[in-house]
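# What the coordinates show
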Amino acid sequence: MKGKINLKVILIVLFGLAVIPALWILVFNLEGEKPVIEFESPTQILSIGASKDITVLASDQKKGLHKVKIEIVKDGKENVLIEKEYPKAGFFGAGVHKDTIKITIEPSKLGISEGKSLLRLSVWDYSWRRWWNGNITTIEKEINIDTKRPEIDVISGTQYVNQGGAGVEIYKLSEPCVKNGVYAGGNFFPGYSGYFPDKNIYICFYALEYDKGPGTEIYAFAVDEAGNSSKRGFNVSIKEKKFKEDSINISDSFLNAVMPQFDMTVDKNSTNPLLDKYIKVNRELRVANHNKLKELVQNPEKEILWQGAFISFPNAANKASFADHRNYNYQGKLVDSQTHLGIDLASLAGAPIPAANKGKIAYVGDFGIYGKMVLIDHGFGIFSLYGHMSSSDVTVGQIVEKNYTIGRSGKTGLAAGDHLHFSMLVDNVFVNPLEWLDASWIVNNITSKINDAKSVSGSK
Ligand SMILES: [Zn+2]
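Residues numbered from 1 in each chain as written. Predicted model: local features only at pLDDT ≥ 70, side-chain atom pairs only at ≥ 80, totals over all residues. Heavy atoms only, no water.

The protein chain carries the name M23ase beta-sheet core domain-containing protein in an unreviewed UniProt entry, which gives uncultured Desulfobacterium sp as its organism.

### Brief notes about the domain arrangement of the protein chain
The assigned domain composition of the protein chain is domain 1 (31-145), domain 2 (152-241 + 447-457) and domain 3 (245-431). Computed over C-alpha atoms only, the centres of domain 1 and domain 2 are separated by 42 Å. (Domains from an automatic or database assignment.)

### Details of the pattern of salt bridges
Evaluation of the coordinates by the stated rule reveals 14 salt bridges. Between Glu-83 and Lys-67 there is a salt bridge, and its shortest N-O distance comes to 3.5 Å. One end of the pair, Glu-83, is in strand 5 (residues 77-85); the other, Lys-67, is in strand 4 (residues 65-74), with 16 residues separating them in the sequence. Overall, the relative accessible area of 47% leaves Glu-83 in the partly exposed class. Here Arg-326 ties to Asp-344 by a salt bridge, and the two come within 3.1 Å at their closest N and O atoms. Of the two residues, Arg-326 is situated in strand 20 (residues 324-330) and Asp-344 in strand 22 (residues 343-346); the sequence distance between them amounts to 18 residues. For Arg-326, a relative accessible area of 12% corresponds to the buried category. A cluster of three or more residues bridged by salt bridges with shared partners is formed by Glu-71, Glu-78, Arg-120 and Glu-140. (Salt bridge = Lys/Arg side-chain N within 4 Å of Asp/Glu carboxyl O. Helix = DSSP H or I, 4+ residues; strand = E, 2+ residues; numbered from the N terminus. Buried < 20%, exposed > 50% of the residue type's maximum accessible area, 1.4 Å probe, protein only.)

### Side note on unusual backbone geometry
Backbone geometry places Ala-323, a non-glycine residue, at a positive phi of 65°. Topologically, Ala-323 is positioned in the loop between strand 19 (317-320) and strand 20. We note that Gln-331 has phi near 50°; this positive angle belongs to a residue other than glycine. Tracing the sequence through the fold places Gln-331 in the loop between strand 20 and strand 21 (333-340).

### Section: the pairing of strand 22
Both faces of strand 22 are covered, namely the face carrying Ile-343 and Leu-345 and the face carrying Asp-344 and Ala-346. Taken together, the three bridges between strand 19 and strand 22 define a ladder with antiparallel strand orientation. In the sheet register, Ala-317 faces strand 22, and the bridge partner there is Ala-346. Where strand 22 lies against strand 29 (residues 420-426), three bridges are found, and the strand directions are antiparallel. Bridged to Asp-344 within strand 29 is His-421. (Pairing = 2+ DSSP bridges.)

Set out below in structure tokens:
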């Protein structure tokens, strides 16, 4: 009896030792978990132009990756872009579990024609399923092969642009483009659709910085969804402008009156903390304010709100011009130099300031060197800026008509006396405000170009 039981136990143990691992191996190797394949950023692969880089992520948690195949299926024909095999997984699945595949798709090299096609991603794992063929996952995405560059048809005639001034270009695109506008001296100015009934016609206000003269490259640019881009020059004549030099004496009484409002720390060993603070404000805070301003003008109104010439601060004396090169002297010694990117207009203290044209209030509040500031968005990238105000009761988002009182003049910020600092911007480039205050400049350079384009486009 005893021997029989022992034998039974031994047989069961032996059976267990042999069969359980065998079952375990079978279960492990016959795993049914599908491998995963996906685009790193699926929304970016709707269109493929002359060349497109895509990134595909493949993974398999269990037995590991066996094979990845990426192909474009066009008119029933499979064009393999890549077929990649991974080292065989060991008995216990020690293969590759994760891979990032980067490929460049160039349809013309593959002989793939324009139009709709399928981008197919397939991945196999090392499972023993399907008679050792493994689990497979396939995903397909409909894509548009578009290797044609957008065409830019320039509508506006010859343009005359001043150094430090603005211009407008009107053009028609052959297809919708994700980015289009004008590059002028390296700055990009977006074009806006919607003014003309033909949605493919764009208006683009652009500008030349005060230090960009004749020889500066200006051209229209467009890039479609597939990444095909075009550049197109137009007839533009740049007029050189010389700007003034100006000397400003920094007195101790000015420093005493103006500097306490600024929170800026200076070296505690400084022998003249007020002057050092002034220099720091004039340099660093000025740059920080201009960087913040670039953010404020990023999303302008998508319609032209202004009409006709912009209006100036009434009964005011012109105290400083646009792009004056200012040398700041303290006790006869040059301590700093900056460029004045607006005009200074002085009237009576606390005089009412009119909105230069119709627009939407984009900012109101303290703004560093500009003190209490109002920024008006006139649409399509045109902005007006009012600095050093003593008060303002407009609110952000409010639409103001031309000549509406937006506040009163003052001497907040970096200002010695009561005056209005008035700037005009085209996107984030400061331009000479005198152009916008000049009715005949507006007619000759802006409104006549828009009206000419109306007649050319037929105004359907
Ligand atoms: Zn000023």
